[in-house]
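A closer look at the structure
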Amino acid sequence: MVGSDLKEELIAYLKSISFNGKIAVISDSNVAGLYMGDFRRALTDAGLTVVTMEFPAGEESKTLKTYEIIIKFLLMNKMGRNDIVIALGGGVTGDLTGFAAATYMRGIRYIMIPTTLLSMVDSSVGGKTAVDMPEGKNLVGTFYQPIAVFEDISYLNTLDEKIFMQGMAEVIKTGILKGKDLLNLISDYLDERKSDTLEDIIFECVLTKGEYVSEDEFDKGKRKMLNLGHTIGHAVESCSRYTLSHGEAVAIGLNQITMISEGIEKMPHEEGNLIRNILSKTGLGLDIPDNISQDMLIDAISYDKKCDHDKIDIIVIRSIGDCSVKRVAIDDLKAYVR
Ligand code: GLY
């Protein structure tokens, strides 16, 4: 469900599934400070039994240690198989809580309530759950679908502009996959900043992601298209030692894949210009930072799991709304990635 201030809708949904158990709301320290009190009150006023816990905000919390703390919290509160866990927060909260829900007593129902633009259009939809390991991100996890996702855009009112725009990179990615209508809507929003337009965009992004996921839940085929801009994006992110956020790296990756697609796929330049123009409206940097050399980047790309010897599968843009997987020689990327 997409809308603004959806607590009543959440309560109505819980009634509609005849839920009368206990709810555990998991959040991080930032979101809990802003929203947990009101959220809890709304549910308890409706007669629901609610327990809450928070963990320190930040990617550093996405560990097996925090996972264990969540599991112990659920055990301590005697959560049973008929109870429900709610993830209230951004991508870290959703990934961690989803993984705890997937494994607690072999699976307990959970609901996603994403509070960042990035998690609204990406991680809250599709059931990817995970924690990081010292060896890398998202190395332990499962596919486990939430029973519902409530995309409440009123949470975006307190989101820092820069973090909001990092989420916009994934929104633009979805626009390129979906087609010009969505991309033009995104462009209008970036010019006029109307909240109704934002709601429409989020709705379209969720629908689009839902289509890819429902055709390929376990990421064996079509879902991989959602990685548009991510091969170079992930490489830039890891070469920056994660000083660049995922969204910042995806914006750079989208700019690069646009150039590559104009080169090897002959995507029309006017379409490339349209994409570059929309990306530039986010204010995010679009060039590979000077301290990341071509060698570092090519090296990082070769470690990508989509890499097979000296070739890699990347998602290219034939034209806006028409993307495809293409196997390219890593050497051929050198002409573009600099
Ligand atoms: N973030 C891409 C996916 O969920 O498949």
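Here the structure is shown first, and the text comes after it.
What counts and what doesn't
- Residues numbered from 1 in each chain as written.
- Predicted model: local features only at pLDDT ≥ 70, side-chain atom pairs only at ≥ 80, totals over all residues.
- Heavy atoms only, no water.
- Helix = DSSP H or I, 4+ residues; strand = E, 2+ residues; numbered from the N terminus.
- Rg over C-alpha atoms; globule rule 2.2 N^0.38 Å.
- Contact = heavy atoms within 4.5 Å.
- Areas by Shrake-Rupley, 256 points an atom, 1.4 Å probe, with all protein chains shown as cover.
- Lys, Arg positive; Asp, Glu negative; His and termini not counted.
- Charge placed at Lys NZ, Arg CZ, Asp CG, Glu CD.
- Near = heavy atom within 4 Å.
- Polar contact = N/O pair within 3.5 Å; in protein donor to acceptor, adjacent residues only side chain to side chain.
- 1 Å grid on protein atoms, 1.4 Å probe; cavity = no way out; pocket = protein on both sides within 12 Å on 5 of 7 lines; lining within 4 Å.
- Points joined across faces, edges and corners; volume = space filled by probe spheres on them.
- Axes fitted to C-alpha atoms, helices over the stretch in contact; angles between N-to-C directions.
- Parallel < 35°, antiparallel > 145°, perpendicular 65-115°, else oblique.
- Nonpolar A, V, L, I, M, F, W, Y, C, P; charged D, E, K, R; others polar.

1. Re the overall build of the chain
Helix and strand counts for the chain come out as 13 helices and 12 strands. Taken against the 2.2 N^0.38 rule, which gives 20 Å for 338 residues, the C-alpha radius of gyration of the chain at 20 Å falls within 12% of a compact globule. By principal-axis analysis of the C-alpha atoms, the chain measures approximately 60 × 45 × 35 Å. Within the chain, contacts between residues at least 6 apart in sequence are counted, and of these 73% link residues at least 24 apart. Taken as a whole, the chain presents about 15,200 Å² of accessible surface, with 50% of it coming from carbon and sulfur. Taking the average location of the 37 positive side-chain charges in the chain and that of its 50 negative ones, the two points are 5 Å from each other.

2. Observations regarding the site of the ligand
All residues in the neighbourhood of the ligand are listed as Asp 122, Lys 128, Lys 209, Arg 223 and Leu 226. Separating an oxygen atom of the ligand from a side-chain N or O atom of Lys 209 is a distance of 2.6 Å. In the model, an oxygen atom of the ligand is placed 2.7 Å from a nitrogen or oxygen of the Arg 223 side chain. Computed on the free molecule, the ligand has an accessible area of 200 Å², of which 85% lies beneath the protein chains in the complex.

3. Thoughts on empty space enclosed by the protein
In the structure shown here, the tally under the stated rule is 2 cavities of 30 Å³ or more. By volume, the largest cavity amounts to about 60 Å³. Forming the walls of the largest cavity are Asn 227, Gly 229, His 230, Thr 231, Ile 232, Gly 253, Ile 257, Ile 260, Ile 314 and Ile 315. Listed by contribution, the elements that provide at least two residues to the lining of the largest cavity are α9 (230–239), α10 (246–264) and β11 (311–319).

4. Observations regarding the packing of α10 against helix α11 (residues 269–280)
Viewed as axis vectors pointing N to C, α10 and α11 meet at an angle of 170°, and their least axial separation amounts to 10 Å. Looking at the two axes, α10 sits roughly antiparallel to α11. Contacts from Ala 251, Leu 254, Asn 255, Thr 258, Met 259 and Glu 262 of α10 reach α11 at His 269, Gly 272, Asn 273, Ile 275, Arg 276 and Leu 279. Along the lines of polarity and charge, the residues of the contact of α10 with α11 split into 5 nonpolar, 5 polar and 2 charged.

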